[in-house]
Amino acid sequence: YWREGLPWPLDLLAFDCAVNNGVGRSTEFLSYTHDPAKYLSWRRYFFQWLATPHSQKPDEVERARKAKTFLKGWLARIARLQVVAGIASLPSLP
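Within each chain, residue numbers correspond to sequence positions counted from 1 in written order. Local features in this predicted model are restricted to residues whose pLDDT is 70 or higher, and side-chain atom pairs enter the listing and the counts only when it is 80 or higher, whereas totals over whole chains, interfaces and linings include all residues. The side-chain figures draw on all heavy atoms in the structure; neither hydrogens nor water molecules are used.

### A word on the overall build of the protein chain
The helix and strand tally for the protein chain stands at four helices and zero strands. Tracing the protein chain from N to C terminus, the helices and strands come up as α-α-α-α. C-alpha atoms of the protein chain, sized along the principal axes, occupy 45 × 40 × 20 Å. Accessible area is worked out with a 1.4 Å probe on protein chains only. A residue is then buried under 20% of its type maximum, exposed over 50%, and partly exposed in between. For the protein chain, with 94 residues in total, the buried portion stands at 31%. Considering only residue pairs separated by 6 or more positions, the protein chain has 46% of its internal contacts joining residues 24 or more positions apart. The helix and strand labels rest on DSSP assignments: H or I over at least four residues marks a helix, E over at least two residues marks a strand, and numbering proceeds from the N terminus. Residue contacts are counted whenever heavy atoms from the two residues lie within 4.5 Å of one another.

### Re the pattern of salt bridges
Each reported salt bridge corresponds to a side-chain nitrogen of Lys or Arg within 4 Å of a carboxyl oxygen of Asp or Glu. On inspection of all chains with the given rule, the structure shows five salt bridges. The partner of R77 in a salt bridge is D16, with the nearest N and O atoms 2.5 Å apart. Of this pair, R77 sits in helix 4 (residues 58-84) while D16 sits in helix 1 (residues 10-21); the two residues are 61 residues apart in sequence, bridging distant segments of the chain. By relative accessible area, which is 28% here, R77 ends up partly exposed. You can call D16 buried: its relative accessible area is 9%. Across the pair R65 and E62 runs a salt bridge, and its minimum N-O distance is 2.5 Å.

### Some remarks on the packing of helix 1 against helix 3 (residues 36-50)
Here, axes are lines fitted to C-alpha atoms. For helices the fit covers the stretch in contact, and angles between N-to-C directions go from 0 to 180 degrees. The N-to-C vectors of helix 1 and helix 3 enclose an angle of 20°; their axes lie 9 Å apart at closest approach. Comparing their axes, helix 3 and helix 1 come out roughly parallel. For the pair helix 1 and helix 3, the sense of crossing is left-handed. Contacts from L10, L13, A14, D16, C17, N20 and N21 in helix 1 reach P36, Y39, L40, R43, F46 and F47 in helix 3. Working definition: roughly parallel below 35 degrees, roughly antiparallel above 145 degrees, roughly perpendicular at 65 to 115 degrees, and oblique for all remaining angles. Each crossing is labelled by how the near helix is turned from the far one, with a counterclockwise turn of less than a right angle marking it left-handed and a clockwise turn marking it right-handed.

### A few points about the packing of aromatic side chains
Note on ring pairs: Phe, Tyr and Trp rings are taken, using the six-membered ring of Trp, and paired if centres are within 6.5 Å. Classes follow the plane angle, with under 30 degrees stacked, over 60 edge-to-face and the rest tilted. According to the stated counting rule, one finds nine aromatic pairs in the structure shown. For the ring pair F29 and F46, a centre distance of 6.0 Å and an interplane angle of 65° mean the geometry is edge-to-face. Here F46 lies in helix 3 and F29 lies in helix 2 (residues 23-32), a separation of 17 residues in the sequence. Comparing F29 with F46 shows no difference in burial state: the two are buried. Here Y32 and W42 contribute two aromatic rings whose centre-to-centre distance is 4.3 Å and whose plane-to-plane angle is 35°, an arrangement assigned as tilted. Here Y32, found in helix 2, pairs with W42, found in helix 3; they are 10 residues apart in sequence, far enough to count as distant. For Y32, a relative accessible area of 41% gives the class partly exposed. An aromatic cluster is present here, built from F29, Y32, Y39, W42, Y45, F46, F47, F70 and W74 joined pairwise through their rings.

Shown next, in the form of structure tokens:
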């Protein structure tokens, strides 16, 4: 998936989202914003939403439990993309 005509770094962010979350989710986030920082905020929100149970149904609780296993890695990916996209800088070492 590569969306022609998207400016840097939005093209990278949309590509990464399409690979990891599917083309439909990437397109959905693009329908909300073309601001790179806000795009990554949508992804962060989506990951956090996945890791939260929205009812007490056993399958919902289990889905959220499984997703929570990956949440730290997903959020680290967002943090790295922020650096690559020039939205944030690497933390300084002590």
